[in-house]
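Now for the letters of each chain:
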Amino acid sequence: MSLVLHDLYLCCCQLDNDKTTERKKEVDKFKRLIRNPEVIEQLDRNSESKHPKQLNWDAVFRFLQRYIQKETECLQAANPNVSATTQANRQKKMQEIGSIMKCFIRWANKRGPRLKCQDLLKHIMDTLQNKFSCAAYGTDYSSILLKDILSIRKYWCEISQKRWSDLMNLYFKMFLKPSNDTNRVLVARIIHTLVRGCCFQSEGLTSGLFEFFAKAVQNARQEQVFAVIEHIISALNVFLNVSVMNCRIRVCKLGEEIFPTLLRIWTQKRPQDSLKEEIIEFFRLQLRAHHPKGAKVPEKGAFAADWLKWQNLLYGLYETIVSEVGHIGSRGKYSGGMRHVAVKDNLVDLAADICHQLFDQDTRVFVSSVTDVDSPQSPSHQGTPSKRRRVELGWEVVRDGLQKSQSDFDMIPWLQITTVLVAKYPSSVPRNELLLILTTLHQILSQQRRGQKMPYVLCCLREIAVCQRLKSNLNSAQKLDLQKLWAKIWAITLRSISSQQTEAESFRLLEAILQGNLTVPDKDFWKIFSSSTCQPSSSAVKCLSCALAKCTLPEKMDGVAEHYLITTGDRPQTVREAIMRWLLGYRAEEVVEENVELPSVICRDFPNQLVSQILVVLTLKDCRAGMDFFQSSSPESILAGENTAPEANDGTVFSESEHLFLQTTFDETLNYSNTVVSLQNKKSAASRISVKHTLKDKLEEYLLSLMECLHSAAMAPPECQVRCANLITGVLQCYSDIVVISEDDARASVLFQKAKVFY
């Protein structure tokens with residue numbers, strides 16, 4: 001044993017000396033020695049060697065425990081009837097004792113956990129379970145547990161299920177029956193961490209958690225500190241998300257029990273945003289548990305312990321959400337500067353779910369009863385009359401929200417809600433509402449083509465387009481009226497592409513319109529992909545691929561060749577060549593050296609192989625057949641898609657638990673595809689595809705020019721080189737797939753040999 005370690009050992013032996021002055025002298029020496037780098041190094045080495053007869057961190061910890069026990073006994077035995085000065089000195093002494101333990105643990109574990117987890121937890125539990133020591137050091141020891149034990153992954157994994165249970169029971173008791181000196185925020189934070197640990201590291205503690213949260217949330221009515229409520233609700237959400245798969249009925253029952261309390265906190269206590277986020281998450285989880293994938297009746301998979309009570313709770317939540325959206329609009333009218341007007345996604349999603357549940361019912365108006373007191377059962381307010389007001393339901397509310405004001409603050413929240421509502425539940429949109437909503441959106445689009453609301457209008461129109469594609473019960477008159485509106489929307493959307501703010505959303509809307517065959521694209525549409533209106537982007541390329549698959553590409557158009565003659569000094573012969581040049585950023589040889597900016601096709605990320613497929617399709621005689629071939633599913637995507645059919649039908653991704661609930665009630669079955677038939681169809685389709693060799697040669701010329709441009713660029717980024725190589729190998733792979741060239745010919749080609757330089 002080294003000299004300094006020997007000094008530390010002698011010091012530790014004197015820490016439990018019967019004389020107070022000796023203990024004070026030795027503890028000061030202990031603080032000094034434990035910070036000595038040589039002592040730290042020796043203790044680390046001894047702890048790693050695990051030699052039983054050497055002084056290590058665990059041995060020092062045991063000495064320190066005896067010192068704290070000795071000091072605690074002295075404090076507890078002291079005369080309680082003393083002056084205020086003596087009481088203050090005792091409080092200071094208690095703080096110093098807790099501080100010594102806190103500092104020691106942090107010094108020991110600063111370079112990684114050295115102390116044994118079970119020893120630490122046993123000491124903390126013993127201290128907190130004693131009434132006197134808990135009052136003396138409870139806050140310090142709780143801080144140690146939260147920051148120095150539960151925050152370390154190694155300790156987290158070493159805690160046994162029984163220890164998780166003991167810790168939770170201890171802190172549940174501290175929370176539900178607090179003493180005057182309990183730090184409730186700290187206790188709530190620890191409960192949140194313990195619940196996470198219990199849910200992810202152990203099993204079998206479900207019943208106790210259900211009981212605790214039922215009591216804790218009911219007590220939250222009287223809680224004045226929002227941080228306490230926030231940590232408890234956050235812990236509740238963690239627990240419910242984990243337990244809902246196996247305990248759906250209990251989750252629903254607990255939700256119906258505490259739902260009114262949380263709704264009252266939201267509406268009457270004016271919580272801060274972080275607490276409101278947790279409350280909204282709780283409501284979303286309850287809707288998923290009660291109504292998986294929007295199911296409305298038990299026959300379709302819905303569940304409620306008390307349907308009448310649950311229905312009234314939904315009405316109350318709907319009223320609160322409508323009021324919240326109205327407050328967002330009113331706050332915007334009096335706010336200065338640049339204020340973000342969009343509603344957060346979780347509130348929008350909740351609003352869409354609640355509207356889906358209530359909109360298609362026979363009830364169009366319900367009467368809401370509101371009291372100004374915190375608890376309706378309060379005896380001091382039994383005679384207080386309730387305020388009653390009419391609350392409207394139905395799609396008319398959505399249309400009014402879109403029409404009542406031109407303010408972004410009033411309109412954008414309703415645009416967001418409409419978008420999500422239509423996207424998640426397209427089948428719930430009545431066919432007679434489709435024309436009314438589309439008319440409203442067209443008016444908004446035509447009145448203002450700039451501003452913050454435009455991207456939201458375009459997104460909403462896109463979901464309406466997808467929804468209409470799924471409607472098979474529209475009559476001829478409705479289809480004709482909708483077609484006229486879509487033609488007008490198409491024209492406005494084409495012009496909005498020139499704005500960088502709305503370019504991506506505009507292309508996505510055009511793609512949805514093309515997918516649904518809602519209108520016929522005009523020549524102005526094809527000119528977008530052969531001019532400088534915009535640069536190639538992911539959304540533009542997706543829209544182009546959809547157009548090639550759905551429509552006939554014109555061979556020539558007025559204005560396209562002249563545009564290239566002016567901008568590049570070269571004239572493409574066909575629209576196909578012009579689109580190739582646009583995609584690849586091609587410039588004539590005499591101006592290549594002047595083009596210092598690399599083309600977008602190798603500077604941006606695009607969907608896998610989509611640009612290569614489009615380039616090859618443009619060289620084929622039948623573009624539509626080519627796109628159909630490349631967009632047909634591969635065996636891998638077919639197998640992967642067997643489990644994603646429900647999402648594709650509903651236009652959104654629902655949680656795993658919702659699928660499970662519907663499958664266990666036999667309201668959802670998996671769809672299976674015939675992979676063998678798909679592969680046979682693909683092989684026969686490849687044999688019917690033919691290529692235009694003149695255009696194929698042109699494409700090879702443009703690709704070689706692209707590589708030359710990349711070679712001539714000074715310090716081309718590596719990612720651009722990789723994208724260029726992937727583009728070229730993708731083109732060769734596509735030609736190989738349609739049996740235009742063999743794999744051996746592709747590997748021997750000039751394009752492949754030059755592309756190998758970039759790898």
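Residues numbered from 1 in each chain as written. Predicted model: local features only at pLDDT ≥ 70, side-chain atom pairs only at ≥ 80, totals over all residues. Heavy atoms only, no water.

1. Quick look at the overall build of the chain
Filter applied, for reference: Secondary structure elements follow DSSP: runs of H or I of four or more residues count as helices, runs of E of two or more count as strands, with numbering from the N terminus. A simple rule labels every residue: compare its accessible area, found with a 1.4 Å probe on the protein chains alone, to the largest value its type can have, and call it buried under 20%, exposed over 50%, or partly exposed in between. Only heavy atoms enter the contact rule, under which two residues are in contact if any of them lie within 4.5 Å. Working definition of accessibility: Shrake-Rupley area with a 1.4 Å probe, residue cover restricted to the visible protein chains.
Along the backbone of the chain there are 36 helices and 2 strands. Within the chain, the proportion of its 759 residues that are buried is 51%. In the chain, 74% of the contacts between residues at least 6 apart in sequence involve partners at least 24 apart. Surface accessibility of the chain: about 36600 Å² in total, with carbon and sulfur atoms responsible for 50%.

2. What about the pattern of salt bridges?
The condition that has to hold: Salt bridges are defined by distance alone: a side-chain nitrogen of Lys or Arg within 4 Å of a carboxyl oxygen of Asp or Glu.
Taken as a whole, this structure holds 32 salt bridges when the rule is applied. For Glu41, the salt bridge goes to Arg45, with nearest N and O atoms at 2.9 Å. Taken together, the residues Glu41 and Arg45, both in helix α3 (residues 37-49) and 4 residues apart, mark about one turn of the helix. Overall, the relative accessible area of 42% leaves Arg45 in the partly exposed class. The partner of Lys692 in a salt bridge is Glu555, and the shortest N-O contact between them spans 3.9 Å. Residue Lys692 is located in the loop between α32 (675-687) and α33 (693-712), and its partner Glu555 is located in the loop between α24 (538-550) and α25 (560-567); the two are separated by 137 residues in the primary sequence.

3. Quick word on the confidence of the model for the chain
For clarity, the threshold we go by: A residue's pLDDT is simply how confident the predictor is in it, with values from 0 to 100.
The share of residues in the chain with pLDDT of 70 or more is 84%, and the mean pLDDT across the chain is 84. The model gives residues 671-677 a pLDDT under 50, and that stretch makes 9 contacts with residues more than four places away or in other chains.

4. Digging into the packing of aromatic side chains
Inclusion rule: In this scheme Phe, Tyr and Trp rings, the latter by its six-membered ring, pair at centre separations within 6.5 Å, and the angle between planes marks the pair as stacked below 30 degrees, edge-to-face above 60, and tilted otherwise. Over a ring means this: the NZ of a Lys or the CZ of an Arg is within 6 Å of the ring centre and within 35 degrees of the ring normal.
On inspection of all chains with the given rule, the structure shows 25 aromatic pairs. Ring centres 4.5 Å apart and planes at 35° place the aromatic pair Phe259 and Phe283 in the tilted group. Pair noted here: Phe259 is in helix α13 (residues 248-268) and Phe283 is in helix α14 (residues 273-290), with a separation of 24 residues, a long-range link. Each member of the pair, Phe259 as well as Phe283, is classed as buried. Ring plane angle 80° and centroid distance 5.2 Å describe the contact between Phe525 and Phe529, whose orientation is recorded as edge-to-face. No difference in accessibility class separates Phe525 from Phe529, as the two residues are buried. Ring pairs connect the aromatic residues Phe172, Phe175, Phe210, Phe212, Phe213 and Phe239, which therefore count as one cluster. Over the ring of Phe175 we find Arg184, and its NZ or CZ is 4.4 Å from the ring centre. In this arrangement the basic side chain of Lys696 is found over the ring face of Tyr735, its NZ or CZ atom lying 5.3 Å from the centre.

5. Here's the deal with the state of the cysteines
Note the following rule: Any pair of cysteine sulfurs within 2.5 Å is marked as a disulfide.
As enumerated under the stated definition, the model contains 0 disulfides in all. Cysteine Cys603 shares no disulfide, and the gap to the nearest cysteine sulfur, in Cys720, comes to 4.1 Å.

6. A short note on the packing of α13 against α14
What counts, and what does not: Working convention: axes come from line fits to C-alpha atoms, limited for helices to the stretch in contact. Angles between N-to-C directions cover 0 to 180 degrees. It is the rotation of the near helix from the far one that decides the hand of a crossing: anticlockwise by less than a right angle makes it left-handed, clockwise makes it right-handed. Any residue that is not Ala, Val, Leu, Ile, Met, Phe, Trp, Tyr, Cys, Pro, Asp, Glu, Lys or Arg is counted as polar, Gly included; the first ten are nonpolar and the last four charged.
Packing of α13 against α14 leaves a shortest axis separation of 10 Å and a crossing angle of 145°. Pair α13 / α14 crosses with left-handed handedness. Touching Arg248, Val251, Cys252, Gly255, Glu256, Ile258, Phe259, Leu262, Leu263, Ile265 and Trp266 of α13 are Leu275, Lys276, Ile279, Ile280, Phe282, Phe283, Leu285, Gln286, Ala289 and His290, all from α14. In terms of residue class, the contact of α13 with α14 is made up of 15 nonpolar, 3 polar and 3 charged.

7. A closer look at helix α2 (residues 20-34)
Where we set the bar: Expected span, for any helix, means 1.5 Å times one less than how many residues it has. Taking the helix axis as origin, the arc is that swept by the directions to the C-beta atoms.
Counted at 1.5 Å a residue, the expected span for α2 with its 15 residues is 21 Å, and the 21 Å between its end C-alpha atoms agrees. Of the residues making up α2, those classed as buried are Arg23, Glu26, Val27, Phe30, Leu33 and Ile34. On an axial view of α2, the arc spanned by its buried residues comes to 125°, and they lie on one face. Facing away from the buried side of α2, by more than 90 degrees, are the exposed residues Thr21, Lys25 and Arg32. Turning to α2, the residues buried within the fold contact α1 (3-13), α3, α4 (57-77) and α5 (84-108).

8. Structural notes on the environment of Ser47
The condition is simple: We call two N or O atoms a polar contact when they sit within 3.5 Å, provided that within protein one can donate a hydrogen and the other can accept it, with sequence-adjacent residues counted only if both atoms are side-chain atoms.
Along the chain, Ser47 turns up in helix α3. The spatial distance from the C-alpha of Ser47 to the C-alpha of Asp58 is 7.7 Å, given a sequence separation of 11 residues. Contact partners of Ser47, with chain neighbours within four places excluded, come to Asn56 and Trp57. Here the side chain of Ser47 touches Trp57 through a polar contact of 3.2 Å, landing on its backbone nitrogen.

9. Structural notes on the nonpolar core
Selection criterion: The criterion is simple. A nonpolar core is a set of buried Ala, Val, Leu, Ile, Met, Phe, Trp, Tyr and Cys residues joined through side-chain atoms within 4.5 Å.
Leu8 and Trp486 are the most contacted members of the largest nonpolar core, which has 232 residues in total. Not counting the four nearest positions on each side in its chain, Trp486 is found in contact with Leu438, Leu461, Ile464, Ala465, Gln468, Leu509, Ile513 and Leu518.

10. Here's the deal with helix α11 (residues 206-219)
The terminal C-alpha atoms of α11, which comprises 14 residues, lie 20 Å apart, in line with the 20 Å expected from a rise of 1.5 Å per residue. On its buried face, α11 is in contact with α9 (161-176), α10 (184-201), α12 (226-243) and α13.

11. Points about the side chain of His123
By secondary structure assignment, the location of His123 is in helix α6 (residues 117-129). Once residues lying within four places of it in the same chain are set aside, the contact partners of His123 are Phe61, Gln65, Ile68, Met101 and Tyr141.

12. Quick notes on the side chain of Ser545
With respect to the helices and strands, the residue Ser545 is situated in helix α24. On the basis of relative accessibility, which here comes to 6%, the residue Ser545 falls in the buried class. Setting aside chain neighbours within four positions, we find Ser545 in contact with Leu610, Ile614, Met627 and Gln631.

13. As for unusual backbone geometry
Here the phi dihedral of Asn517 falls at roughly 55°; this positive angle occurs in a residue that is not glycine. The topology assignment puts Asn517 in the loop between α22 (503-515) and α23 (523-528).

14. Considering the packing of α1 against α3
Selection criterion: By the definition adopted for this analysis, an angle is roughly parallel if under 35 degrees, roughly antiparallel if over 145, roughly perpendicular if from 65 to 115, and oblique otherwise.
At a minimum axis separation of 9 Å, α1 and α3 run at an interaxial angle of 85°. Overall, the two elements α1 and α3 adopt an arrangement that is roughly perpendicular. Between α1, through Val4, Leu5 and Leu8, and α3, the contact on the second element is made entirely by Glu38, Val39, Gln42, Leu43 and Asn46. For the contact of α1 with α3, the residue count by class is 5 nonpolar, 2 polar and 1 charged.

15. Examining the environment of Ile513
With respect to the secondary-structure elements, Ile513 resides in helix α22. Of the residues examined, Ile513 reaches a relative accessible area of 0% and is grouped as buried. Residues Ile513 and Val466 lie 47 residues apart in sequence; the distance between their C-alpha atoms is 7.8 Å. Beyond its immediate sequence surroundings of up to four residues, Ile513 is in contact with Ala465, Trp486, Trp490, Leu518 and Thr519.

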